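# What the coordinates show
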Amino acid sequence: MRADIRPGQTLFYRVPLDWGQQFFATAELGSSAKGDDYVSNALVLSLDNPALGHVADETVGYSGKQATLALGPQRPVAHENRTSYNEATSGMRFAGWYYLSATLSPELAAEYGDGPVPLTLRVNVLNAAKAGPGYDGDPGPFAVTPDDRRTAEKGSSGARAAEEAERGDAMRLVATAGIGTGTVLLLGLGAWTLIARRTAA
């Protein structure tokens, strides 16, 4: 998936992960001819679980040349992960929509200007889905439903996503303080769909 990201901007995405599945993502910043100063922690990739709990993050520096960053593969989604003292493992204890954010440091603007930098994001969902732990009641957002899969497979438009969210359907949008308003985009990724919300700092 190709996108443009500006210094100080964060792009938000979501992808459904069922029981037994693993998340793996790579991000690539394109080169720039405007400078060559090194900026540490130029790009940050961060993953949150369906409860919006932090799972993991990685950073990469930038010096005007192509820079690549990998996040994962994470632990397979499993109920028993809840007992781990490791944040990256315990964070993968729910099935449901996981949230990926890509943030470009505002420090890049001083050397490279505040124009967009090309970003290529690749997300892989590994392993076939397995049976879950068997909740006594409705698991709510902690599941990947048939509607989630159908929505991901067909790839609704942004307007359609907003309509479904208002009806309380499977398209549950991120509602975190500080995210602000933005355009919701659905981006096809094989049989899965990423949902992106863009905001600028």
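Residues numbered from 1 in each chain as written. Predicted model: local features only at pLDDT ≥ 70, side-chain atom pairs only at ≥ 80, totals over all residues. Heavy atoms only, no water.

## Concerning the overall build of the protein
Looking only at helices and strands, the protein features 4 helices and 10 strands. Start at the N end of the protein and walk to the C end: the helices and strands fall as β-β-β-β-β-β-α-β-α-β-α-α-β-β. When burial is assessed residue by residue, the protein has 44% of its 201 residues classed as buried. (Helix = DSSP H or I, 4+ residues; strand = E, 2+ residues; numbered from the N terminus. Buried < 20%, exposed > 50% of the residue type's maximum accessible area, 1.4 Å probe, protein only.)

## Section: the confidence of the model for the protein
Overall, the prediction assigns the protein a mean pLDDT of 78, with 75% of residues at 70 or greater. The secondary-structure element of the protein with the lowest mean pLDDT is strand 9 (residues 184-189), recorded at 32, while strand 5 (residues 54-62) shows the highest, at 96. Note on residues 155-201: pLDDT is under 50 here. Beyond four places in sequence and across chains, it has 112 contacts. (pLDDT = per-residue confidence, 0-100. Contact = heavy atoms within 4.5 Å.)

## Overview of the pattern of salt bridges
Following the criterion strictly, the structure yields 1 salt bridge and no others. Close ionic contact of Asp4 with Arg2 constitutes a salt bridge, the shortest N to O distance being 2.7 Å. Taking the relative accessible area as the measure of exposure, Asp4 reaches 34% and is therefore partly exposed. (Salt bridge = Lys/Arg side-chain N within 4 Å of Asp/Glu carboxyl O.)

## A few points about unusual backbone geometry
A cis amide bond links Gly72 to the next residue, Pro73, at an omega of 5 degrees. In this structure, Pro73 sits in the loop between strand 6 (67-71) and helix 1 (87-90). Its identity is not glycine, yet Asn41 carries a phi of approximately 50 degrees, on the positive side. The residue Asn41 is located in strand 4 (residues 39-48) in this model.

## A closer look at the packing of aromatic side chains
Tallied over the full model, the rule gives 2 aromatic pairs. Across from the ring centre of Trp97, 4.0 Å away, lies the NZ or CZ of Arg14, which sits over that ring. (Phe/Tyr/Trp six-rings, centres within 6.5 Å; stacked < 30°, edge-to-face > 60°. Lys NZ or Arg CZ within 6 Å of the ring centre and 35° of its normal.)

## A short note on the pairing of strand 2 (residues 9-17)
Moving residue by residue along a regular strand, the side chains alternate between the two faces of the sheet. Taken across its 9 residues, strand 2 has 8 buried, putting it largely inside the fold. Relative to strand 7 (residues 96-104), strand 2 is paired through 8 bridges, and the arrangement is antiparallel. Bridged to Leu17 within strand 7 is Gly96. (Pairing = 2+ DSSP bridges.)

## Focus on the side chain of Thr10
With respect to the element layout, Thr10 can be found in strand 2. A distance of 2.9 Å separates polar atoms of two side chains, one belonging to Thr10 and the other to Thr103. (Polar contact = N/O pair within 3.5 Å; in protein donor to acceptor, adjacent residues only side chain to side chain.)

## Considerations on the nonpolar core
Judged by nonpolar contacts, the single largest core of 38 residues is most densely connected at Phe23, Leu43 and Leu100. Not counting residues within four places of it along the chain, the set of residues in contact with Phe23 comprises Val15, Leu17, Leu47, Leu71, Gly72, Pro73, Gln74, Leu100, Val123 and Asn124. (Core = buried A, V, L, I, M, F, W, Y, C linked by side-chain atoms within 4.5 Å.)

## Section: the sheet that holds strand 1 (residues 2-5)
Strand order in the open sheet formed by 4 strands is 1-8-3-6, and the pairing between neighbours is antiparallel. The open sheet terminates on both sides in strands that have one partner only, identified here as strand 1 and strand 6. Within the sheet, the average angular offset between the axes of one strand and its neighbour, ignoring direction, is 25 degrees. Here strand 1 pairs with strand 8 (residues 117-126) via 4 bridges, running antiparallel. When the bridges of strand 8 are listed, Asp4 appears paired with Pro118. (Axes fitted to C-alpha atoms, helices over the stretch in contact; angles between N-to-C directions.)

## Let's talk about the pairing of strand 7
Summarising burial for strand 7: 8 of the 9 residues are buried, a large majority. Where strand 4 and strand 7 come together, 6 bridges link them in antiparallel fashion. Paired with Leu47 across the strands is Leu100, a residue of strand 7.

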